Amino acid sequence: MTTLLLKNIRYLATMDARRRELPDAAIYVRDNVIEVVGKLEEMPADSADRVIDLSRHVALPGLVNTHHHMFQSLTRALAQENELFDWLKVLYPIWKNLRSEHIYTSAKLAMAELMLSGCTTSSDHLYIYPNDVRLEDEIRAAQEIGLRFHAARGSMSLGESEGGLPPDAVVESEEDILVDTRRLIETWHDPDRQSMLQIVVAPCSPFSVTVDLMREAADLARAYGVNLHTHLAENDKDVSFSLEIFGQRPGAYAETVGWIGDDVWHAHCVKLNPAEISLFGRTGTGVCHCPSSNMRLASGIAPLRQMLDERVKVGLGVDGSASNDSGHLLGEARQAMLLQRAGGDPAALGAREALEAATLGGASVLGRQDIGRIEAGMSADIVAFRLDTLSMAGALADPLAALVFCQPSQVDLSIINGRVLVEDGILNTVDLPALIERHNSLSLQLINGEA
């Protein structure tokens, strides 16, 4: 057994049931589980194998990213003035040339970016499988870098010739999709507490898969007890497609095909109406809010305040690196807070509410009961940010709120599953300069059609 003591924590936000915030706190970790949280004198008497002083830090649970497309880090800053559907039409012809190395390298780079922003758990929605691409390309990256990972086996089966949005060159047969999804669950899914890898069933969107696939995917997921994820109600065109093709708004369509319940979460949901929000709240259906992507693509402002008031489970996501062009999860908490206030209410979303969505909310959306808060028995996923920095100067009267109100910081310390993976701001599981160089080379080749 290995033990770790975090002592003299300047300010600790536990996100526990009482939402305790503790000055001058300590945390004792045994192996990969938090054992004691409190004052230093309350820690076990035996000497810890390692002691870290956090007297200059604010600490909180590791952040949880509930929606991403990591491969898109290869195609940032393209289609700069397009809304979602036109943006996709620009990028699909590039993405059809993706190969295994592109997926592996882009995933590892995206994971590094997330981890340095304070993220300790992430989902990723890989929905395009051209050439030799497999979900294992991302799984390998996560295992090497040390990120807690929910790998969503996405899919597209409805090509242009059948009335869908994606070109036929990037869609798969529904039989192949279901066979591979079943294989991935049986091979990789770990449902146990402290699991580092889970598989998610994730047809891409109502405009890229058939009704039959949505229903069969839901049946498959529930047969294995795994979660479901897709995009929903992202913008006005998305809603129009649903009304024209299915004769229903997105929320009603989701209910019709079995995509409602506490094992389901939907990305974006910018255009949900009050009835749909109420449906999600009653049924425990989760939502991932992606503020930067929604702004970048001019999709609109998601009704986050209304969702929270209706007790909808809400987490945050950075979304695809080609519709956000960034992967800073703490930055998304800030954007979520500010975007809700843009409607005219300065109290629409508070800093603590934004951080709760990024921690507890994300854990709930992913169906996890072992992450998202710092208390005994929880997974040892803990992050700490320096308070003695330029961006934090003058904000120490409320160090927790400062994380959201001030310029988003890079994490100084990150512990995932009891392992110290970021220390003094350095990620120690990857050669970052070499990774960036290779990623840039692959990106340019892909964009220039040389892949």
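Residues numbered from 1 in each chain as written. Predicted model: local features only at pLDDT ≥ 70, side-chain atom pairs only at ≥ 80, totals over all residues. Heavy atoms only, no water.

**What about the overall build of the protein chain?**
Along the protein chain, the regular secondary structure elements total 14 helices and 17 strands. Over its C-alpha atoms the protein chain spans a radius of gyration of 21 Å, differing by no more than 12% from the 22 Å that the globule rule assigns to 451 residues. Projected onto its principal axes, the C-alpha positions of the protein chain cover 65 × 45 × 40 Å. Taken across its 451 residues, the protein chain has 60% of its residues classed as buried. For the protein chain, contacts bridging at least 24 residues in sequence account for 75% of all contacts bridging at least 6. For the protein chain, the accessible surface area stands at approximately 16,400 Å², while carbon and sulfur atoms represent 49% of it. Charged side chains in the protein chain number 39 positive and 62 negative. The centres of these two groups are separated by 4 Å. (Helix = DSSP H or I, 4+ residues; strand = E, 2+ residues; numbered from the N terminus. Rg over C-alpha atoms; globule rule 2.2 N^0.38 Å. Buried < 20%, exposed > 50% of the residue type's maximum accessible area, 1.4 Å probe, protein only. Contact = heavy atoms within 4.5 Å. Areas by Shrake-Rupley, 256 points an atom, 1.4 Å probe, with all protein chains shown as cover. Lys, Arg positive; Asp, Glu negative; His and termini not counted. Charge placed at Lys NZ, Arg CZ, Asp CG, Glu CD.)

**Quick word on the pattern of salt bridges**
With the rule as written, the count across this model stands at 29 salt bridges. Here Glu35 and Arg30 are joined by a salt bridge, their closest N and O atoms 2.6 Å apart. Overlapping salt bridges bring together Arg134, Glu136, Arg153, Glu172, Asp180 and Arg183 as one network. (Salt bridge = Lys/Arg side-chain N within 4 Å of Asp/Glu carboxyl O.)

**Focus on the packing of aromatic side chains**
The tally for this structure, following the rule as stated, stands at eight aromatic pairs. Aromatic pair Phe241 and Phe246: ring centres 6.0 Å apart, planes at 75°, arrangement edge-to-face. Look at Phe246 and you get buried, because its relative accessible area is 18%. Geometry around Tyr104 places Arg140 over its ring, the cationic atom sitting 3.7 Å from the centre. (Phe/Tyr/Trp six-rings, centres within 6.5 Å; stacked < 30°, edge-to-face > 60°. Lys NZ or Arg CZ within 6 Å of the ring centre and 35° of its normal.)

**Thoughts on the side chain of Asp370**
Along the chain, the position of Asp370 falls in the loop between helix 12 (351–365) and strand 14 (382–386). Among the polar contacts made by the side chain of Asp370, one reaches the side chain of Arg368 at a distance of 2.9 Å. When residues no more than four places from it in sequence are discounted, the contact partners of Asp370 are Arg193, Gln194, Ser195, Met378 and Ser379. (Polar contact = N/O pair within 3.5 Å; in protein donor to acceptor, adjacent residues only side chain to side chain.)

**A closer look at unusual backbone geometry**
Phi angles above zero are rare outside glycine, and Arg19 is one such case at about 50°. Topologically, Arg19 is positioned in the loop between strand 1 (3–13) and strand 2 (21–30). Here Arg19 falls in the partly exposed class, since its relative accessible area comes to 36%. Despite not being glycine, Asp424 has its phi angle at roughly 55°, a positive value. Asp424 gets classed as exposed once you look at its relative accessible area, which sits at 60%.

**Brief notes about helix 6 (residues 236–246)**
Within helix 6 the residues assigned to the buried category are Asp238, Val239, Phe241, Ser242 and Phe246. Projection of helix 6 onto a plane perpendicular to its axis shows the buried side chains occupying an angular sector of 155°, all on one side. Looking at the buried residues of helix 6, the elements they touch are helix 1 (84–95), helix 5 (211–224), strand 10 (228–232) and helix 7 (250–256). By the N-cap criterion, in which a side-chain oxygen at the helix start approaches the backbone nitrogen of a residue two or three places on, helix 6 is capped by Asn235, the distance to Lys237 being 3.1 Å. (Arc of directions from axis to C-beta.)

**Comments concerning the packing of helix 2 (residues 100–115) against helix 14 (residues 432–447)**
Relative to each other, helix 2 and helix 14 sit at 130°, their axes nearing to 10 Å. Put simply, helix 2 runs oblique to helix 14. Considering only the axes of helix 2 and helix 14, their crossing is left-handed. Contacts between helix 2 and helix 14 pair Glu101, His102, Thr105, Ser106, Lys108, Leu109 and Ala112 from the former with Leu432, Leu435, Ile436, Arg438, His439, Leu442 and Leu446 from the latter. Broken down by class, the residue content of the contact of helix 2 with helix 14 amounts to seven nonpolar, four polar and three charged. (Axes fitted to C-alpha atoms, helices over the stretch in contact; angles between N-to-C directions. Parallel < 35°, antiparallel > 145°, perpendicular 65-115°, else oblique. Left-handed = near helix turned anticlockwise from the far one by under 90°. Nonpolar A, V, L, I, M, F, W, Y, C, P; charged D, E, K, R; others polar.)

**Re helix 12**
A rise of 1.5 Å per residue sets the reference length of helix 12, with its 15 residues, at 21 Å; its end C-alpha atoms lie 20 Å apart and thus fit the reference within 8%. Counting buried residues in helix 12 gives eleven out of 15 residues, a clear majority hidden from the surface. Residues Ala351, Ala354, Leu355, Ala357, Ala358, Thr359, Leu360, Gly361, Gly362, Ala363 and Val365 constitute the buried set of helix 12. Directly after helix 12, the chain includes Gly367, whose backbone phi takes a positive value near 75°. (Expected span 1.5 Å × (residues − 1).)

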